[in-house]
Amino acid sequence: MYTRGLLSKTSTTALNDVSLKLDESEPTILTVAGESGSGKTTLAMLMLGFIAPSSGQILYKGQDISRLRGADRMTFRREVQAVFQDPFAVFNPFYTVDHLLTVPIQRFKLAKSKREARDKMEEALTAVGLRPEDILGRFPHQLSGGQRQRINVARALLLRPRLLIADEPVSMVDASLRANILETLRSLQKNYGVSIVYITHDLTTAYHIAKSIVVLYRGAVMEAGDVDTVIKRPQHPYTQLLIDSIPWPDLSRRWGETDIKAREAEHQEITTGCKFYPRCPFAMEKCTVAPPLFQLGTHQAASCYLQDQHPTIPSEHLWKLLPV
Amino acid sequence: MKPVLQVLNLLVTYYTDAGRAKALDDVSLTLNAGEKLGLVGESGSGKSTMALAMMRMIKPPGRIEGGQVIVDGTELTKLSDEEMLKARLSKIAYIPQGAMNSLNPVLRIGRQMVDAIKAHDDEASRRTIEERCMEALESVDLKRSVFKMYPHELSGGMKQRVCIAIGILLNPKVIIADEPTSALDVVTQRQVMETIDRVQEQLGAAVILIGHDMGLMAQFVDKVAVMYAGRLAEVSIVRDMFTDPKHPYAQALIRSLPSLENKGVFQGIPGLAPSLLRIPSGCAFHPRCPYRMDVCTTVRPELETLSNGRQVACHLYTEGLTDAGANGIQERHQSVYARPAVKDIDNRT
Ligand SMILES: Nc1ncnc2c1ncn2[C@@H]1O[C@H](COP(=O)(O)OP(=O)(O)OP(=O)(O)O)[C@@H](O)[C@H]1O
Ligand code: SF4
Ligand SMILES: [Mg+2]
């Protein structure tokens, strides 16, 4: 059970031929980065079992999650938790914060007494920088954007999962709190052995918190590997564009030296070939046939013909390059 | 230059079951045409409230309890509800936090844009209105065909640009964008910000950008205003804010920014933001401030303009301190910030 892959999956269209594997015995933080519509959220939904892949499977502790029933299913539901990006969508406006946090406590029987339940709630809220006495009893519309987002994180902390899928958990909080919350997530991984899939477009925080990174574009893996290498020496033109587009809090650095090609590339769907083809400044004839993954080093791979001097690596082996 | 926006002593309170929350506590601000101001500050510090108050869109249990908002010579706070309705979009436009998710999913974009105009101007002909919508779409870099589309047919970045298009339909003098890009990836962010930039130039409008992304601020705005617990702590031009922040909270905020140089160093500001129900006496930041002096716990520091033009609300810079005293403080700054509480997280497993 320990050495079995915690998770692995393959699927098509919104997400094309993606395989990942997280090992329970080696808890890690993996970042999945990419722009909106790149399939990041689809990946999260798949891993949580909210949607089913059209082909391929997602295994949790060796079992196909679509087949989980009864007690196994309940365990999966508790052990795999999510924090979603949009704090405006998730909360039922008629429930107070207390209710939002009490329900999971009751459902998964996390506390023996009312007192204990209260303590747990308070602890989780404090960990995300909220004052329980101010927040409990309020309705979602009485909270600011960042406060709602943090309630989401608190809820996940409360459940102490084995695997946490965090989809843009801190996009609406300030830098200082962002640091504190990410630090909390990091200690969750370190001290409680929780693996975290950190889905984000924020490469700076990814760089600080994660060990490895997978960069998606239109559902396909563009580049992957060790977070330091990929962010400091990106090899795929898309990763290069992403990193160049980071708005640095540094006045001597100008935002986006490279031009963004094909603004409305949003519209052109390309069925064959490299997904980045319509926007790529280096696009070549051969790019109309989908490039395989080339292994550039022990901990880096890119799916781009500019790298075709390197050996290829099958996508289902990609996880082996990801350090934990 | 005559300011296009003046906010004077704005006060907003939310009447909650637990008591009165002072969400905006005597905030004043001016902005010139063509200027871009970044409004930053801790989550819950009152940024959105400030925007809503300027729009007179605070809903009960919230109430504007005092102050004035003057846009382009018109005192919004004096207008009747009906006049205010017209002023929205034509004088001052607001692109709310999470706006792109508030587009109605069952209505075509065009219909939502037309409705927005009609709410303000029921005389214009259908043709004129539609033409105006198309032009607005084009000015945010969208095709005219978007007019006939439904929200789900658009990407996040496109939806956000639709919201900007709606905001500029009636050529406002002030545009307030509340975290317009926090849900978008960096590439799309860049496109959206470039769009706002261009639109602003066309209209000669002033822009208030609310957000947490200091990188975005550094790259986009001219001036930064830092809020803390419903008050302004510091207002500085962007260069000063990033290279030499004055207010201890602003300093801590700038220090907490991640960079590629100091991997694994997370420096949040210790302590919790204060409850707005019980704002600390004196300076609201005093329980968390490393330079707290006795006076800080009793006397509230006002936002004052220093001799070098910086605006700061902190007793460290209050007059009465001799030059030597002020220098001494500067030195203390240096020493405290020279040894940041670095947490090493690099031995990750
Ligand atoms: N309708 C309401 N009733 C009671 N309190 C409210 C209401 N709306 C906002 N508040 C409180 O007022 C304070 C300021 O909220 P505001 O939304 O202005 O914060 P913000 O600075 O925009 O934060 P964020 O960065 O998280 O969006 C918060 O503490 C919030 O909880
Ligand atoms: S007024 Fe005093 S407590 Fe407040 S920020 Fe300045 S030094 Fe710190
Ligand atoms: Mg807000």
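Heads up: these notes are all about the structure in this document. (Residues numbered from 1 in each chain as written. Chains lettered and ligands numbered in written order. Predicted model: local features only at pLDDT ≥ 70, side-chain atom pairs only at ≥ 80, totals over all residues. Heavy atoms only, no water.)

### So, the overall build of chain B
Part 1 of the argument: Within chain B, the secondary structure is distributed over 10 helices and 12 strands.
Part 2 of the argument: Expressed as a percentage of contacts within chain B between residues at least 6 apart in sequence, the contacts between residues at least 24 apart total 66%. (Helix = DSSP H or I, 4+ residues; strand = E, 2+ residues; numbered from the N terminus. Contact = heavy atoms within 4.5 Å.)

### Focus: empty space enclosed by the protein
Part 1 of the argument: According to the stated counting rule, one finds six cavities of 30 Å³ or more in the structure shown.
Part 2 of the argument: Estimated volume of the largest cavity: approximately 450 Å³.
Part 3 of the argument: Of all the secondary-structure elements, those providing two or more residues to the lining of the largest cavity are helix 8 (175-192), strand 8 (195-200) and helix 9 (203-209) of chain A together with helix 6 (186-203), strand 8 (206-210) and helix 7 (214-220) of chain B.
Part 4 of the argument: In terms of residue class, the lining of the largest cavity is made up of 22 nonpolar, 13 polar and five charged.
Part 5 of the argument: Structurally, the lining of the largest cavity is a two-domain feature, drawing no fewer than three residues from each of domain 1 (5-212) and domain 2 (246-346) of chain B.
Part 6 of the argument: Roughly 100 Å³ of volume is contained in the second largest cavity.
Part 7 of the argument: Contributing to the lining of the second largest cavity are 15 residues, with P237(A), C274(A), C280(A), C287(A) and C304(A) lying nearest its centre. (1 Å grid on protein atoms, 1.4 Å probe; cavity = no way out; pocket = protein on both sides within 12 Å on 5 of 7 lines; lining within 4 Å. Points joined across faces, edges and corners; volume = space filled by probe spheres on them. Nonpolar A, V, L, I, M, F, W, Y, C, P; charged D, E, K, R; others polar. Domains from an automatic or database assignment.)

### Looking at the site of ligand 1
Part 1 of the argument: Around ligand 1 lies a shell of 24 residues, among which R138(A), S144(A), G44(B), S48(B) and T49(B) are the nearest.
Part 2 of the argument: At ligand 1, the nearby residues belong to more than one chain, namely chains A and B.
Part 3 of the argument: Here R138(A) contributes a side-chain N or O atom positioned 2.8 Å from an oxygen atom of ligand 1.
Part 4 of the argument: G46(B) places a main-chain nitrogen or oxygen 2.9 Å from an oxygen atom of ligand 1.
Part 5 of the argument: Relative to its free-state accessible area of 640 Å², ligand 1 is covered by the protein chains to the extent of 94%.
Part 6 of the argument: Residue assignment for the shell around ligand 1 shows that the elements contributing at least two residues are helix 7 (145-159) of chain A together with strand 1 (3-16) and helix 1 (47-54) of chain B.
Part 7 of the argument: A breakdown of the residues in the shell around ligand 1 according to their chemical character gives five nonpolar, 15 polar and four charged. (Near = heavy atom within 4 Å. Polar contact = N/O pair within 3.5 Å; in protein donor to acceptor, adjacent residues only side chain to side chain. Areas by Shrake-Rupley, 256 points an atom, 1.4 Å probe, with all protein chains shown as cover.)

### Quick word on the sheet that holds strand 4 (residues 62-71) of chain B
Residues and elements named next belong to chain B.
Part 1 of the argument: Strand order in the open sheet made by the four strands is 2-1-4-5, with antiparallel pairing throughout. Where the open sheet ends on each side, the last strands, each with one partner, are strand 2 (19-32) and strand 5 (74-75).
Part 2 of the argument: Here strand 1 pairs with strand 4 via eight bridges, running antiparallel. When the bridges of strand 4 are listed, Q6 appears paired with I70.
Part 3 of the argument: The strands that helix 1 touches are strand 1, strand 2 and strand 4; relative to strand 1, the one it contacts most, it runs at about 115°. (Pairing = 2+ DSSP bridges. Axes fitted to C-alpha atoms, helices over the stretch in contact; angles between N-to-C directions.)

### A short note on the nonpolar core
Part 1 of the argument: Counting residues in hydrophobic clusters, the biggest one holds 79 residues, and the most contacted among them are M113(B), V162(B), L169(B) and F242(B).
Part 2 of the argument: With six residues, the top contributor of residues to this core is helix 5 (residues 156-167) of chain B.
Part 3 of the argument: Residues lining this core come from more than one domain, with at least three contributed by each of domain 1 (5-212) and domain 2 (246-346) of chain B.
Part 4 of the argument: When residues no more than four places from it in sequence are discounted, the contact partners of M113(B) are C133(B), A136(B), L137(B), A165(B), I166(B) and L169(B).
Part 5 of the argument: In terms of nonpolar packing, the next biggest core, distinct from the first, is built from 38 residues, A124(A), L143(A), L157(A) and V173(A) among them. (Core = buried A, V, L, I, M, F, W, Y, C linked by side-chain atoms within 4.5 Å. Buried < 20%, exposed > 50% of the residue type's maximum accessible area, 1.4 Å probe, protein only.)

### Regarding unusual backbone geometry
Negative phi is the rule for most residues except glycine; trans is the rule for most peptide bonds.
All names here are of chain B.
Part 1 of the argument: In this model, P60 is joined to P61 through a cis peptide bond whose omega is 10°.
Part 2 of the argument: Following the sequence through the fold, P61 ends up in the loop between helix 1 and strand 4.
Part 3 of the argument: Positioned with a positive phi, N9 is a non-glycine residue whose angle comes to about 50°.
Part 4 of the argument: Structurally, the position occupied by N9 is in strand 1.
Part 5 of the argument: According to the relative accessible area criterion, N9 is partly exposed, its value standing at 42%.
Part 6 of the argument: Here the phi dihedral of D141 falls at roughly 75°; this positive angle occurs in a residue that is not glycine.
Part 7 of the argument: Tracing the chain through its elements places D141 in the loop between helix 4 (126-139) and helix 5.
Part 8 of the argument: In this structure D141 comes out as partly exposed when scored by relative accessible area, which is 24%.

### So, the sheet that holds strand 3 (residues 36-41) of chain B
Residues and elements named next belong to chain B.
Part 1 of the argument: Spatially, 6-7-8-3-9-10-12-11 is the arrangement adopted by the eight strands of the open sheet, whose pairing is mixed. Two strands in the sheet have a free side with no partner beyond their single neighbour: strand 6 (92-95) and strand 11 (304-305).
Part 2 of the argument: As judged from the five bridges shared by strand 3 and strand 9 (residues 223-228), these two strands associate in the parallel manner. Pairing of L39 across the sheet is with A225, part of strand 9.
Part 3 of the argument: The sheet strands contacting helix 9 (residues 248-255) are strand 3, strand 9 and strand 10 (231-237), and the helix crosses strand 9 at an angle near 110°.

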